[in-house]
Amino acid sequence: MSGALPPGLGDWHECPRVRAMNDRPIATGVLYVLCWLQQALRATDNPVIDAAVRLGNALGLPVLVYHGVREDYPYASDRLHHFILGASRDLAAGCRTRGFACVQHIDRADHREKGLVYRLGADAAALVLEDQPTFVARWQAERVAERIAIPTYAVNAACLVPPAVLGDGIGGRSGFLRRHEPARAAWADGEDVQTDLPAYDGALPFVPDDPDGDIEALVAGLDIDHSLPPSAAFPAGRAAGEARLHRLIRDVLPGYATTRNDATQREGASGLSPYLHFGVLGPREAMRAVTSSPAGARHKTKFADELLGWREWFHYQARALVAPERYDRVAGWARATLAEHAGDPRPHLERLSAMLRGETRDETWNACQRQFLRFGWMHNNLRMYWAKRILAMTPDPETAWATACYLNDRLSLDGRDPSTYGNIAAMFGGAPGDTDRPVYGRVATRGDGSTRARDGGDAWLAKAASRDVPAVTVPSELPRERYV
Ligand code: FAD
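Only a predicted model underlies this, so the values are computations on that prediction, with no experimental measurement involved. (Residues numbered from 1 in each chain as written. Predicted model: local features only at pLDDT ≥ 70, side-chain atom pairs only at ≥ 80, totals over all residues. Heavy atoms only, no water.)

Our next topic: the overall build of the chain. Each helix and strand counted, the chain has 19 helices and six strands in total. Compactness check: the chain gives a C-alpha radius of gyration of 23 Å against a globular reference of 23 Å for 484 residues, within 12% of the reference. For the chain, the C-alpha atoms occupy an extent of roughly 70 × 50 × 45 Å along the three principal directions. For the chain, with 484 residues in total, the buried portion stands at 58%. Excluding contacts between residues fewer than 6 apart, the proportion of contacts in the chain whose partners are at least 24 apart in sequence is 79%. Summed over its atoms, the accessible surface of the chain is roughly 19,200 Å², and 52% of this surface lies on carbon and sulfur atoms. Distance from the positive charge centre (57 side chains) to the negative charge centre (60 side chains) of the chain: 4 Å. (Helix = DSSP H or I, 4+ residues; strand = E, 2+ residues; numbered from the N terminus. Rg over C-alpha atoms; globule rule 2.2 N^0.38 Å. Buried < 20%, exposed > 50% of the residue type's maximum accessible area, 1.4 Å probe, protein only. Contact = heavy atoms within 4.5 Å. Areas by Shrake-Rupley, 256 points an atom, 1.4 Å probe, with all protein chains shown as cover. Lys, Arg positive; Asp, Glu negative; His and termini not counted. Charge placed at Lys NZ, Arg CZ, Asp CG, Glu CD.)

Take helix H7 (residues 238–252) next. Since the α-helix packs 3.6 residues into each turn, any two residues three or four apart lie on the same face. Given a rise of 1.5 Å per residue, 15 residues ought to cover 21 Å, and the 20 Å separating the end C-alpha atoms of H7 matches this to within 8%. Buried within H7 we find Arg238, Ala240, Gly241, Arg244, Leu245, Arg247, Leu248 and Val252. Buried-residue contacts for H7 involve helix H2 (78–98), helix H8 (256–259), helix H9 (273–277), helix H10 (283–291) and helix H11 (297–319). (Expected span 1.5 Å × (residues − 1).)

This part takes up the sheet that holds strand E1 (residues 18–20). Pairing within the open sheet is mixed, and its six strands lie in the order E1-E6-E5-E2-E3-E4. Among the strands making up the open sheet, the edge pair consists of E1 and strand E4 (101–106). Across the sheet, the axes of successive neighbouring strands diverge by a mean angle of 25°, strand direction being ignored. Both strand E2 (residues 32–36) and strand E3 (residues 63–69) contribute to a ladder of four bridges, which runs parallel. (Pairing = 2+ DSSP bridges. Axes fitted to C-alpha atoms, helices over the stretch in contact; angles between N-to-C directions.)

Moving on, we get to the domain arrangement of the chain. When cut into domains, the chain gives domain 1 (2–157), domain 2 (159–191 + 238–320) and domain 3 (327–482). Each of domain 2 and domain 3 has a C-alpha centre, and these two points are 25 Å apart. Surface buried jointly by domain 2 and domain 3 totals about 1,600 Å² across both partners, of which 58% is contributed by carbon and sulfur atoms. In this assembly, domain 2 and domain 3 are joined by one salt bridge. In this structure, Arg454 engages Asp262 in a salt bridge whose closest nitrogen and oxygen atoms are separated by 3.5 Å. In this structure, the connection of domain 2 to domain 3 is made through eight residue pairs in polar contact (both at pLDDT 80 or more). Mapped by element, the contributors of at least two residues to the side of domain 2 that touches domain 3 are H9 and H11. The element best represented in the side of domain 2 that touches domain 3 is H11, accounting for five residues. (Domains from an automatic or database assignment. Buried area = accessible area lost by both parts, 1.4 Å probe. Salt bridge = Lys/Arg side-chain N within 4 Å of Asp/Glu carboxyl O. Polar contact = N/O pair within 3.5 Å; in protein donor to acceptor, adjacent residues only side chain to side chain.)

Another point: the site of the ligand. Not every one of the 28 residues close to the ligand is listed here, only the nearest: Arg260, Ser270, Gly271, Asn380 and Thr420. Between the ligand and the protein, one listed contact pairs an oxygen atom with a backbone N or O atom of Ser273 at 3.0 Å. Glu306 places a side-chain nitrogen or oxygen 3.3 Å from a nitrogen atom of the ligand. Relative to its unbound accessible surface of 800 Å², the ligand loses 97% to contact with the protein. Going through the elements one at a time, H9, H11, helix H15 (380–393) and helix H17 (418–428) are the ones with two or more residues in the shell around the ligand. At six residues, H11 tops the list of elements feeding residues into the shell around the ligand. For the shell around the ligand, the class distribution of residues is 14 nonpolar, nine polar and five charged. Each of domain 2 (159–191 + 238–320) and domain 3 (327–482) contributes no fewer than three residues to the shell around the ligand. (Near = heavy atom within 4 Å. Nonpolar A, V, L, I, M, F, W, Y, C, P; charged D, E, K, R; others polar.)

Attention now moves to the packing of H10 against H11. Orientation of H10 relative to H11, taken along the N-to-C sense of each, is 165°, at an axis distance of 10 Å. Relative to H11, the element H10 is oriented roughly antiparallel. In this structure, H10 crosses over H11, and the sense of that crossing is left-handed. On the side of H10, the interface is formed by Pro283, Ala286, Met287, Val290 and Thr291, while H11 contributes Lys300, Phe303, Ala304, Leu307, Leu308, Arg311 and Glu312. Of the residues assigned to the contact of H10 with H11, the class counts are eight nonpolar, one polar and three charged. (Parallel < 35°, antiparallel > 145°, perpendicular 65-115°, else oblique. Left-handed = near helix turned anticlockwise from the far one by under 90°.)

With that out of the way, let us pick up the pattern of salt bridges. According to the stated counting rule, one finds 31 salt bridges in the structure shown. As a salt-bridge pair, Asp131 and Arg19 come within 2.7 Å of each other at their nearest N and O atoms. In this pair, Asp131 is assigned in the loop between strand E5 (124–130) and helix H4 (135–147) and Arg19 in strand E1, connecting sequence segments 112 residues apart. Note that Arg119 and Glu113 form a salt bridge whose closest N and O atoms lie 3.0 Å from each other.

When two helices pack together, their arrangement is given by the angle between the helix axes and by the axis-to-axis distance. Interaxial distance between helix H14 (residues 363–375) and helix H16 (residues 397–411) falls to 9 Å at its minimum, and their mutual angle equals 35°. Between H14, through Trp365, Gln369, Phe372 and Leu373, and H16, the contact on the second element is made entirely by Leu407, Asn408 and Leu411. Residues of the contact of H14 with H16, tallied by class, amount to five nonpolar, two polar and no charged.

Quick look at the structure:
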């Protein structure tokens, strides 16, 4: 169910980012406009906040930003909680600087609050939230919009070009690029919308957490997966995201088109994906930095192709799917050929525990998996080998899909994203090959030559396959039902 956009949103030049999720009337005699952030954890260059401020200004109400973190979302771990809470701390500080209130709640045994969005919504004229096409943010937004008594507006903050302006039904990436590339210039700039009102400092239905509290101590006391530690390579918070962006401009971009595919190079790729996934940085800000840098045109074009041409393609695809994380999104021809070969002998079968811990018989695969375990991130070139190889390591294609999604979602900071499932689907499908191989059928296979052939590639892989990694707990069974 959806409705029209109210004043402040309907007449906004960014209104194609906004979607009414229900058709409840704006509430009157209330205290604020509620802006619920789930994943776009940044205070500036954030269209979700801007939409809430526009609506607040039109209604003469301040904006209250809310960010809550539950203990029981799938894969909750020290790694994810730490990254999220660091981002949330900086979000709160940034909101204060911009002149509006931001309150936090971290769900835990001695501080449970049931239905906080609904309770905060009772004093709100409307709810503004994120339009995320995957995982918890999507599930929660859909449920809340159905049940809450106030109008709910979903705003796309993840893409430079709002998917809605591209129209529905684009079937392939070349068709997507034909519409997306000419649209980019119109969405390259944007200014933070300023609030007309003082920050909300009235009553709240709960006692908020201190965003500047001790994150380590808090996380240690939670009932989450403590076997997966925070990533030292990808520190939490806005300053760390900005440092990555500066590093991209200074060290990486000048050679990006040649270094980006080389997994052995420290400064070959940007390492921005964790910060983009959690919205610590937005694509508009990243593209502005790239466009204004002195790097050569081919490097900038290559970066834009990754950040906009690929990332936004997968966002576009996910938006049209009921469940982007499910195996049935893999191309029909690929599922058919894989099914024909489901009974083939599989000499490379591995146990889930060996895969999870990067202790299989395949050195290259272990090198890939140990990047996930140690850093919470994997180089793009390795991810392709890693995903394809899982088809040979698991008993059937559905288990392969669930295993790839599970490992990526649990371990990687950038997992649970439209790019997770879109890329794994591309590895399990892509273009059909002419050769019909055991296990893979007509799905293309991939070797590790692109890394081995690099200068020192063999030694690099051997070292990467034996690097120290955390001893993560092994589940009693794979959470197949989430993916198949
Ligand atoms: P760079 O190579 O520097 O690229 C810059 C940015 O462009 C990235 O941060 C990312 O936002 C975007 N990008 C680059 N390549 C892709 C791509 N193939 N698809 C979509 N966006 C891209 N990306 C995720 O964000 N989350 C995932 O869970 C994820 N899972 C993947 C699984 C497989 C099997 C494969 C093949 C790719 C996956 N990717 C995923 C895409 C890509 O590998 C990562 O985005 C990239 O490696 C992140 O490193 P980087 O930030 O240094 O990227």
